[in-house]
Amino acid sequence: MKKLTVFLLIFVFTISSAFAVSSPKEQIKKTVDKVIGILKDPKYKGEKKTQQRRAALRTEISKVFDFEEMSKRSLGVYWKDRTPQEKKEFVELYRDLLERYYAGKIESYTDEQIVYTDERIENGRYAEVKTKIITKDKKEIPIDYKLYFNGKEWKVYDVVIEGVSLVSNYRSQFNKIIRTHSYQELVKRMKTKQAEELMREK
Amino acid sequence: MYSAKFRILIIFVMILFSSVCFAEDKIVLDLKGCIDRAVNFHPELGEYKQDIEIYKAKLSEAQSAAFPQIELMALGGPSPEARRDAISPEIRTDVKSTTINGVFGMITMQVLQPIYTFGKISGYRTAAQGGIKVSEAELEKKRSEVILKTKELYWSLAMLRDLRNLVNEIKDELEKAIKRTQEDLKKDIPSADELTLYKLKTYFGEVKRNLNEIDKNEAIIIEALKFMTGTPQNTKLEITTEPLKYEEIYMKPDELIAKAFQLRPEMIQIKEGLRAKQALVDVEKSNLYPQIFFLVKGSLSGATNRDRIHNPYIYDPLNDSMLAAVLGMKLNIDFGITKGKIREAEIEYQKVLEKKKLAESGIPVQIMKAYYELQEATKSARDMDEAYQNAKKWLVTADANIDMGVGETKDLADAVLAYATTRVNHLKALYNQKMAIANLLQASGLDR
């Protein structure tokens, strides 16, 4: 009887935990809502607040994006050849530049409507959330998020803008540079870009 | 002089009056609204509507020919004197009847009821009915042209607005790029240079020129639509347009040709024209036969200075009464005039038959031409749709690579140029598809 009670308690706890996990769509919606909240917040408005706004945006974005997974997928076959130090350095660089890119894109859509068109979950592990930004002139910009379940929550591992997978695009571009030049050249170019962005922020 | 309250009242009245005087009405229309208004209010259609009225009047005339025709005449004038004693007890022939010392009055009346005309009256009636149908079809033909012209203006406006969105999009990006380059130059960022700044500013000027041209063209189209829809000059016309989109369309040419033979105004004109011309041939042929009628004729006259004589052998037109009901027949005999007129009417009928042959062979050609044009326009629109999707992908890719530090500025410039060019061609292809659909619908008589 005691064993059964323990089993039931564990079962109920597991079930309730499973239901407590947000769906991929909810996860994305929560982040997008927070991002829009930041963009509409008067304390982040204006050119002088650009740095604070960007920092707040990047904080929110980093909560749902798995940059290590994205870096790994973007480097493809060249990931396994990297030392732990190189991997760490690359992920940091990648995170910084991608956060800026994504924040910059989102920042330009301030009064537009965001529509969640579809959610697809495969084997309970992978998911795709399709969204559409509808601009003032009724132009539709599809942005889809690819997510995986890490056991606790859903994390984004790719963003598809207008049908272009950022990860696939970066993988082909990175591979081209590594093949024609070297991994070091790729990192050098990314660092140059980061340095320029930092100079701009000053 | 005036109290403050009175002055305020005057100002209030003046403001109210001026706002009433200058209040301009506003009409908001979409494509359907434009077409509905154009087919009802286009200034050119009035003339064609009057043609229908003429044939309606002719029909009324023909229908009335079956009713009796009454001729009534009243006369009055000086009367020469004539007394009974002039003929009694003996007839005197030297009476001077020129002694005018009275007046006379006379009323004559004739009622003619056609009984049998060998098809003359029904022929005129059928011809007038055909005339109405032919005029109505002519009006429909004109309406069809008006619909096509309205669609052309509407889709031109939609394309222009989509072009403006594109130009504004490029303008916004250029503005951002110019600002960023200027700031980069101030901060001595290595990738920034003056050359890029001048290049961007040159493009910016060109973009603004394009916007001015779009504004001008939009204003001209709105004015043209005002004319088409019969909108008064002091009324503001607002046209709502949706972004141009590729349309998946499937039409069977055989069905369209069959529809065209039923619905095209030209075919209706030929069908009704043949009926009317045949009726006119019958009318001319009826002149070969007598017109049979019933006639009632009467007259009543009286003079102040003449005696009424009740003698059937003596007739005094100024002092007499008569009533007669007769059955009559009238026949005009000529030696070739009637036959010539019949031949002329038959040739007119043959002319319409020739038109029928031309239409029966010409309409399928016209439909097939419009059909192949639509096929081409649809394929081009689909191909340009795909090209535009790829241009967007190219732009996103180039942009993402630049922001990751792994792309070239030249790639981005090429992508922007390709995006703009492809979008312009895409919009043109979408416009061509819309017009090709409109042309095919018109050729098939399905545009109403």
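Reading guide: rules and limits
- Residues numbered from 1 in each chain as written.
- Chains lettered and ligands numbered in written order.
- Predicted model: local features only at pLDDT ≥ 70, side-chain atom pairs only at ≥ 80, totals over all residues.
- Heavy atoms only, no water.
- UniProt positions renumbered as here; feature names shortened; annotations may be inferred.
- Salt bridge = Lys/Arg side-chain N within 4 Å of Asp/Glu carboxyl O.
- Helix = DSSP H or I, 4+ residues; strand = E, 2+ residues; numbered from the N terminus.
- Buried < 20%, exposed > 50% of the residue type's maximum accessible area, 1.4 Å probe, protein only.
- Contact = heavy atoms within 4.5 Å.
- Buried area = accessible area lost by both parts, 1.4 Å probe.
- Nonpolar A, V, L, I, M, F, W, Y, C, P; charged D, E, K, R; others polar.

You'll find chain B entered in an unreviewed UniProt entry as TolC family protein, with Thermodesulfovibrio autotrophicus given as the organism. According to the UniProt record, the Sequence similarities (unreviewed entry) comment for chain B reads "Belongs to the outer membrane factor (OMF) (TC 1.B.17) family." The annotation that UniProt attaches to chain B under Subcellular location (unreviewed entry) is "Cell outer membrane".

Naming follows an unreviewed UniProt entry, where chain A appears as ABC transporter substrate-binding protein of Thermodesulfovibrio autotrophicus.

(A) Representation of the pattern of salt bridges. Residue and element names in this part refer to chain A. As enumerated under the stated definition, the model contains 49 salt bridges over all chains in all. Across the pair Glu99 and Arg58 runs a salt bridge whose closest N-O atoms are separated by 3.0 Å. Taken as a pair, Glu99 in helix 5 (residues 84–108) and Arg58 in helix 3 (residues 50–64) lie far apart in primary sequence, 41 residues in all. Per residue, the accessibility class of Glu99 equals that of Arg58, and both read buried.

(B) A look at the interface of chain B and chain A. Taken together, the contacts link 29 residues of chain B with 29 residues of chain A. For the pair chain B and chain A, the two sides together bury roughly 2400 Å², of which 52% comes from carbon and sulfur. Here chain B and chain A share four salt bridges between them. Put simply, Lys392(B) and Glu162(A) hold a salt bridge, and the shortest N to O gap is 3.3 Å. Every element with two or more residues in the side of chain B that touches chain A is listed here: helix 4 (120–186) and helix 8 (337–404) of chain B. Top element by residues in the side of chain B that touches chain A is helix 8 of chain B. It accounts for 11 residues. Considering only residue class, the side of chain B that touches chain A consists of 10 nonpolar, six polar and 13 charged.

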